[in-house]
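Okay, here's what each chain looks like letter by letter:
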Amino acid sequence: VTVVESGGGSAQPGGSLRLSCQASGSISRTNVMGWYRRASGGKRRELVADITSGGHVSYGDSVKGRFTISRDNAKNTVNLQMDSLKPEDTAVYFCNVIDIKLRTGTRNDYWGQGTQVTVSS
């Protein structure tokens, strides 16, 4: 499975950006696609938002009400619309795909290379 992000870049506080992610390869129908981020100097990735193949959505507390995640199951794509951006949203954003094989109970995580988002005036 290959995961490729696009979008990102720079924006002013209060502005908007949109991230897109394309997953390709052998992906189970049951999966979770989402976005994580890691701030400069940070040691761990934090959940931004994810969405299951069934449409259940989760958001990190810091982005609720400002970011919107969506997906196209047929195309294996996931998008993140980021509005009302704040300087603290500055980070490298990573697309994540969790492939779940119900028959065997196995779960595999796949990650993109990451894309930089910078919010500053």
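Here, the structure is the one placed above.
Notes on the structure follow.

Conventions we followed
- Here the residue index of a chain counts from 1 through its sequence in written order.
- In keeping with the predicted nature of the model, local features appear solely for residues at pLDDT of at least 70, side-chain atom pairs appear and are counted solely at 80 or more, and the whole-chain, interface and lining totals rest on all residues.
- Calculated side-chain values reflect all of the structure's heavy atoms, with hydrogen atoms and water omitted.
- Only DSSP runs of H or I covering at least 4 residues are called helices, and only runs of E covering at least 2 are called strands; the numbering of each starts at the N terminus.
- Just to be clear, the radius of gyration here is over C-alpha atoms, and the globule rule we use is 2.2 Å times residues to the power 0.38.
- Burial classification: accessible surface area is computed with a 1.4 Å probe over protein chains only, and a residue below 20% of its type maximum counts as buried, one above 50% as exposed, and the rest as partly exposed.
- By definition in these notes, contact holds between two residues if any of their heavy atoms fall within 4.5 Å.
- Exposure was quantified through the Shrake-Rupley algorithm and a 1.4 Å probe, taking into account, for residues, occlusion by the shown protein chains and nothing else.
- Counting rule for charge: Lys and Arg are taken as positive, Asp and Glu as negative, and neither His nor the chain ends is counted.
- Think of each charge as sitting on NZ of Lys, CZ of Arg, CG of Asp or CD of Glu.
- Whenever a carboxyl oxygen of Asp or Glu lies within 4 Å of a side-chain nitrogen of Lys or Arg, that contact is scored as a salt bridge.
- Note that a disulfide, as used here, is simply two cysteine sulfur atoms within 2.5 Å.
- We treat two strands as partners when DSSP finds at least two bridges between them.
- Think of each axis as a best-fit line through the C-alpha atoms, taken over the contacting stretch in the case of a helix, with angles from 0 to 180 degrees between the N-to-C directions.
- Note on aromatic pairs: the rings of Phe, Tyr and Trp (six-membered ring only in Trp) are paired at centre separations within 6.5 Å, and the planes decide the class, stacked below 30 degrees, edge-to-face beyond 60, tilted for the rest.
- Ring-over charges, as used throughout, are those where CZ of Arg or NZ of Lys falls within 6 Å of the ring centre and within 35 degrees of the ring normal.

### What about the overall build of the protein chain?
When its secondary structure is counted, the protein chain shows zero helices and eleven strands. For the protein chain, the succession of helices and strands along the chain, N to C, is β-β-β-β-β-β-β-β-β-β-β. The C-alpha radius of gyration of the protein chain comes to 14 Å, within 12% of the 14 Å expected for a compact globule of 121 residues. Once the C-alpha set of the protein chain is aligned to its principal axes, its extents read approximately 50 × 25 × 25 Å. Counting the 121 residues in the protein chain, one finds 39% classified as buried. Sequence separation of at least 24 residues holds for 55% of the intrachain contacts in the protein chain that already meet a minimum separation of 6. Entry remark: accessible area of the protein chain is about 6600 Å², with carbon and sulfur atoms responsible for 46%. Across the protein chain, the mean location of the 15 positive side-chain charges is 4 Å away from that of the 10 negative side-chain charges.

### Description of the pattern of salt bridges
Evaluated as defined, the whole model comprises six salt bridges. With a closest N to O distance of 2.7 Å, K101 and D99 form a salt bridge. K101 gets classed as partly exposed once you look at its relative accessible area, which sits at 34%. Since its relative accessible area comes to 0%, D99 is described here as buried. Connected through salt bridges with shared partners, the residues R37, E46, R66 and D89 form a single ionic network.

### Some words on the state of the cysteines
Taken as a whole and assessed by the stated rule, the structure comprises one disulfide. Between C21 and C95 runs a disulfide, and the two sulfur atoms are separated by 2.0 Å. With the S-S dihedral at roughly -85 degrees, the linkage between C21 and C95 falls on the left-handed side. On the criterion of sequence distance, the pair formed by C21 in strand β3 (residues 17-24) and C95 in strand β9 (residues 91-101) is long-range, its members being 74 residues apart.

### Topic: the sheet that holds strand β8 (residues 77-82)
Taken together, the four strands give an open sheet; going across it, the order is β1-β3-β8-β7, and neighbouring strands pair in antiparallel fashion. Strands with a single pairing partner mark the edges of an open sheet, and in this sheet they are β1 (2-7) and β7 (67-72). Here the average twist between neighbouring strands, direction ignored, is 15 degrees. Relative to β8, β7 is paired through six bridges, and the arrangement is antiparallel. Bridge pairing in β8 links S70 to N79.

### Focus on the packing of aromatic side chains
For the coordinates displayed, the defined rule picks out one aromatic pair. Taking 5.2 Å as the distance between ring centres and 70 degrees as the angle between the ring planes, the aromatic pair formed by Y36 and W111 counts as edge-to-face. With Y36 in strand β4 (residues 31-38) and W111 in strand β10 (residues 106-111), the pair connects residues that are 75 residues apart, well separated along the chain. Across the ring face of F94, the terminal group of R45 is positioned such that the distance to the ring centre comes to 4.2 Å. A cation over an aromatic ring shows up here: R45 above the ring of W111, its NZ or CZ 4.1 Å from the ring centre.

Purely spatial values, then, with no claim about function.
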